[in-house]
Amino acid sequence: MKRALIFLAALVTAVGCASGGRKPSGGSAAFQIRPYETQVLPNGLTILWIPDQSLPYVSLQMMVRTGSAQDPAGKEGVSGMTAALLERGTARRSAPQISEDLEQIGSGFGAEVQPDYTVAASSALSFNKDNMLTLFQEILLKPTFPQAELERQRKNSLAGLQKLADRPEDFSEYLMPRYLYGAHPYGHSAAGTPTSLKGMTRADVQNYYKRHYAPSNSVLAVVGQYDNAWKQKVIEAFQGWNTKEVDKGEVPDFPAWSGTEVLLVDRPDLNQAQIQIGFKGVPRNVPEYLDIRAALKILGESFGSRLFDEIRVKRGLTYGIYSWFDPRLKPGPMGIYTFTRAEKIGETVTETLNTYRQFVKNGVTDEEVAVVKALMRGQFPRTFETPETLARQLLILNRYGIGPEYLQNYLAAVDAISKSSVNAAIKKYFDPDNLRILVYAPRKASEESLKSVGKVQVKDYKEFLR
Amino acid sequence: MKFLIALLLAAPSVWASAPDALEKAIQFPVEKYSLPNGLTVLLHPDNSIPAVSVQTWFRVGSKDEARGRTGLAHFFEHMMFKGTKAFGKDTWGKFLNSKGADMNAFTSNDYTGYYINAPAEQLDLLLEIESDRMRNLLIDPKEVVSEREVVKEERRMRYEDQIDGGIRERMASLMYEKSPYSWLPIGSMADLNAASMDDLHAFYKQFYSPNNAVLVVAGSFDTARVKKAVEKYYGGLPRENITRPVVESDPPQKAMRTATISREAQAPTVAIGYRLPDISHADHYALDLLSIVLGQGNSSRLYKDLVYKKEIALSVSSYSWGQALGGQFVVYAGLKPKVDPQVVVKVIDDEMRKLRHTPISQKELDKARNVLLKDYVDGLKKVSGRARMIANYEIVHGDYTRIFSDLKKYQDVTPQDLTRVAMTYLTPSKRNIVIVLPKKGGGSK
């Protein structure tokens, strides 16, 4: 096999901070992420080498820098169907044979599709890394997408979407993108819709694969216990992947709508209401990214946050309440999620909105900012404790064009957060007036109590299963 | 080094050599000792990141509740975040966040666990806070009123609006009639409403005592210093006499039991459960592996048959676990809409019969073992994961060293052992079958 021309694109960091052999440091402030190397093969595939000698395992994560936002109109979910079918047949193996061979070595294969990217992953004990590499390469580079497997997966996906209605939180999450984004590419998930799944063809899947699965559109993270000889095997496995240009469509900006509205998805037998409050969020490369993260932690991340204290601790209205965002290439969604018993829906929505609007109006305090900065500093080493989580973060940063210096400078950037920077970000990005509120609950118990919040549109949950 | 043993050289992919090498490769240092007041302490030094994990686990769970007070152990777990005189309720939020810490807790049938993960320099403070709430908790009636509603919301979320949660609860009461395993840690709504201040105080006094606790400290620390701190903060806590409710045992199950849950659902679900012996029984090694053979992964027997070949289920799984008073082996199948659950019950029965009467190949056993070992190693990747594993093994088995020695036990399991345990425990008359049937007029159209 032709030896690859290899060059090191960047040796990102070389500080003495690997997981082994380090003396106790001077605390979180001295923590640095572990060293890794970046290499670009001649065919354009970027490889991140993240060695970890602490345990006998190896993991591979391949990010394809395309996700469900590139599904053609009418073919919503083809990204998810393509990812699901990767391991359902190759030139050499049938779907059952692939599962058998992977699990015989204690391994597996999974592919997760997000709006802007896809990550396929396998891991194994290091005794089995050769076999895992062979299978991983074959699944990703030589899938055959058999018609029979497409038909099987189509039936499973349709049944899966229908059964989603019986998992109230998941169902409300599935419905929310469409409510926020409508026909925008972020308005559907990789699961697709019943209509799009029914019309999907093998050619659709093959076209999606041909168009987006390419070395120049991919980054491979190699983590674990391996040596230089095995690195060479990885390079040889992927250097023959034919290069090509990948032409992606532009994702439009957040759709324009205004005012606050409620979509009540009626399901009479539920004991609890699922409540999703959503609004326009931010792109990942927004300069105020860390200020927004700090604001969301103060607003609603676990113990001690404003929403947790007001809605759970003080009022006993819920077991869980969270504020969240999902930054993407273009503004992703931002929101608040909670749930409550049917008779408390109105109070919970009203008090959650009151807490949120007070937060936007008055901003955060010096004390809150000091606490959240300490929390972010303290969480940093734990977040990157395993090299697999570091790999995942590096892949996502790469997707959004953010350099690894983000992680190197993270602690200093946290130190620079101030009350004024957080409050400026809140004023700029946290919309108190233009909200979409989705409630999955019994109509009878909730419709009247929601009318004071905004115009209420009611739909039977079964409408979304067709 | 993170671990005592240096790099493991790549070995050929054959089972015979892997486990021995693996057992060496996963070794990590743990020191165990006890204080005179009965507190069990386990220290796992690891300097890989500047962080510590403090795990405080109590030997109390829902098995220690009396009938009429189900859910008390879990309800009390929530109250442990309400503060003491020295460390008020903001400790479990703003104060510990200001120290860079994350925290939470969980309650099972057999134990209740609390953890704080924090920067290493906060270790002294964490020990001070945890030792303080072990004995000095304030139980404010106003907080009890509010938190009771929070727990009830948790119950609605996990068990009333979730099909799988409803199955778990029904399975427990079907499988057992007298044992405290006949209810789940969440307890019943009526009992949650009935729990009184006296109940909470009495529960706290005896069960939250040092002689009923296991303290695990893992991470970046100096062992001698930590020992001094543990003595300083915990040494003065008084030992308590612990009186547990008398546990009633169920007689051996003689005949199959069935229950049907009729509810709005898009498709039926089938669950079949079997009682197993308690956690100390050596058959659990074979049962763990058998559960993988049967229903874990896309190449497992039930997946291949029900999901792939017959296409009548969307998901299947099987799990085996041991507990202090008895274990369980449970098979779940989430069916496709309109499938007759009795057809699925028969397919599962047929597969069980094969397990009992047809020898299992060495290759299939090796596959299950590889899956198990991979999961085992995955659980060891984080300091907090190792801390949790140490606490779990110490509480459940009374011996953390089984983390390492269990690998050999799994290695010793033979195909004949799998057949034997299937013959012993997974027989038709010992089945407990829970079926969820969609109500007519529901979503299953």
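Bear in mind that the values here come from a model prediction, so they are computed numbers and not experimental data.

**Student:** Could you give an account of the overall build of chain B, with specific residues and numbers?
**Tutor:** The helix and strand inventory of chain B stands at 16 helices and 11 strands. Rg of the C-alpha trace for chain B: 23 Å, near the compact-globule value of 22 Å for 445 residues, within the 12% margin. Referenced to the eigenvectors of the C-alpha coordinate spread, the extents of chain B come out at roughly 60 × 60 × 40 Å. By the burial criterion, 64% of the 445 residues in chain B qualify as buried. Carbon and sulfur atoms form 53% of the exposed surface of chain B, whose accessible area is close to 16600 Å². Seen as two clouds, the 61 positive and the 53 negative side-chain charges of chain B have centres 4 Å apart.

**Student:** So, the domain arrangement of chain A: which residues are in play, and what are the values?
**Tutor:** Residue and element names in this part refer to chain A. The domain architecture assigned to chain A consists of domain 1 (8–238) and domain 2 (261–465). Just the C-alpha atoms count here: the centres of domain 1 and domain 2 sit 27 Å apart. Taken together, the 42 residues of domain 1 in the interface contact 46 residues of domain 2. For the domain 1 and domain 2 pair, buried surface summed over both sides reaches about 4100 Å², with 66% attributable to carbon and sulfur atoms. The largest per-residue losses of area from domain 1 upon contact with domain 2 belong to Phe 31, Ile 33 and Tyr 179, which jointly make up 17% of the total buried on that side. Taken together, the connections running from domain 1 to domain 2 amount to two salt bridges. Residue Arg 392 pairs with Glu 112 through a salt bridge whose shortest N-O separation is 3.0 Å. The tally of links between domain 1 and domain 2 comes to 19 residue pairs in polar contact (both at pLDDT 80 or more). Counting residues per element, the ones that place at least two in the side of domain 1 that touches domain 2 are strand 3 (46–51), strand 4 (57–64), helix 4 (147–164), helix 5 (168–181) and strand 7 (218–224). Ranked by the residues each element gives to the side of domain 1 that touches domain 2, the list is headed by helix 5, at 11 residues. By residue class, the composition of the side of domain 1 that touches domain 2 is 26 nonpolar, seven polar and nine charged.

**Student:** Tell me about the packing of helix 11 (residues 301–309) of chain B against helix 12 (residues 341–357) of chain B, and name the residues and values.
**Tutor:** Residue and element names in this part refer to chain B. The contact between helix 11 and helix 12 brings their axes to 11 Å, and the two run at 150°. Judged by the inter-axis angle, helix 11 sits roughly antiparallel to helix 12. Viewed along their axes, helix 11 and helix 12 form a crossing whose handedness is right-handed. Contact with helix 11, carried on its side by Arg 301, Leu 302, Asp 305 and Leu 306, involves Val 344, Val 347, Ile 348, Glu 351, Lys 354 and Leu 355 of helix 12 and no other residues of that element. Of the residues that constitute the contact of helix 11 with helix 12, the class distribution is six nonpolar, no polar and four charged.

**Student:** For the interface of chain B and chain A, give the residues involved together with the corresponding values.
**Tutor:** Counting residues at the interface gives 88 residues for chain B, matched by 78 residues for chain A. Taking both partners together, chain B and chain A bury about 7000 Å²; carbon and sulfur atoms supply 54% of that area. Of all residues in chain B, the largest losses of buried area upon contact with chain A belong to Asp 161, Gln 266 and Tyr 308 of chain B, amounting jointly to 10% of the total for that side. Where chain B meets chain A, there are 10 salt bridges. The tally of links between chain B and chain A comes to 35 residue pairs in polar contact (both at pLDDT 80 or more). Listed by contribution, the elements that provide at least two residues to the side of chain B that touches chain A are helix 1 (18–25), helix 3 (94–97), strand 4 (102–107), strand 5 (112–119), helix 5 (141–160), helix 11, strand 10 (327–335) and helix 13 (362–378) of chain B.

Criteria and thresholds
- Residues numbered from 1 in each chain as written.
- Chains lettered and ligands numbered in written order.
- Predicted model: local features only at pLDDT ≥ 70, side-chain atom pairs only at ≥ 80, totals over all residues.
- Heavy atoms only, no water.
- Helix = DSSP H or I, 4+ residues; strand = E, 2+ residues; numbered from the N terminus.
- Rg over C-alpha atoms; globule rule 2.2 N^0.38 Å.
- Buried < 20%, exposed > 50% of the residue type's maximum accessible area, 1.4 Å probe, protein only.
- Areas by Shrake-Rupley, 256 points an atom, 1.4 Å probe, with all protein chains shown as cover.
- Lys, Arg positive; Asp, Glu negative; His and termini not counted.
- Charge placed at Lys NZ, Arg CZ, Asp CG, Glu CD.
- Domains from an automatic or database assignment.
- Contact = heavy atoms within 4.5 Å.
- Buried area = accessible area lost by both parts, 1.4 Å probe.
- Salt bridge = Lys/Arg side-chain N within 4 Å of Asp/Glu carboxyl O.
- Polar contact = N/O pair within 3.5 Å; in protein donor to acceptor, adjacent residues only side chain to side chain.
- Nonpolar A, V, L, I, M, F, W, Y, C, P; charged D, E, K, R; others polar.
- Axes fitted to C-alpha atoms, helices over the stretch in contact; angles between N-to-C directions.
- Parallel < 35°, antiparallel > 145°, perpendicular 65-115°, else oblique.
- Left-handed = near helix turned anticlockwise from the far one by under 90°.

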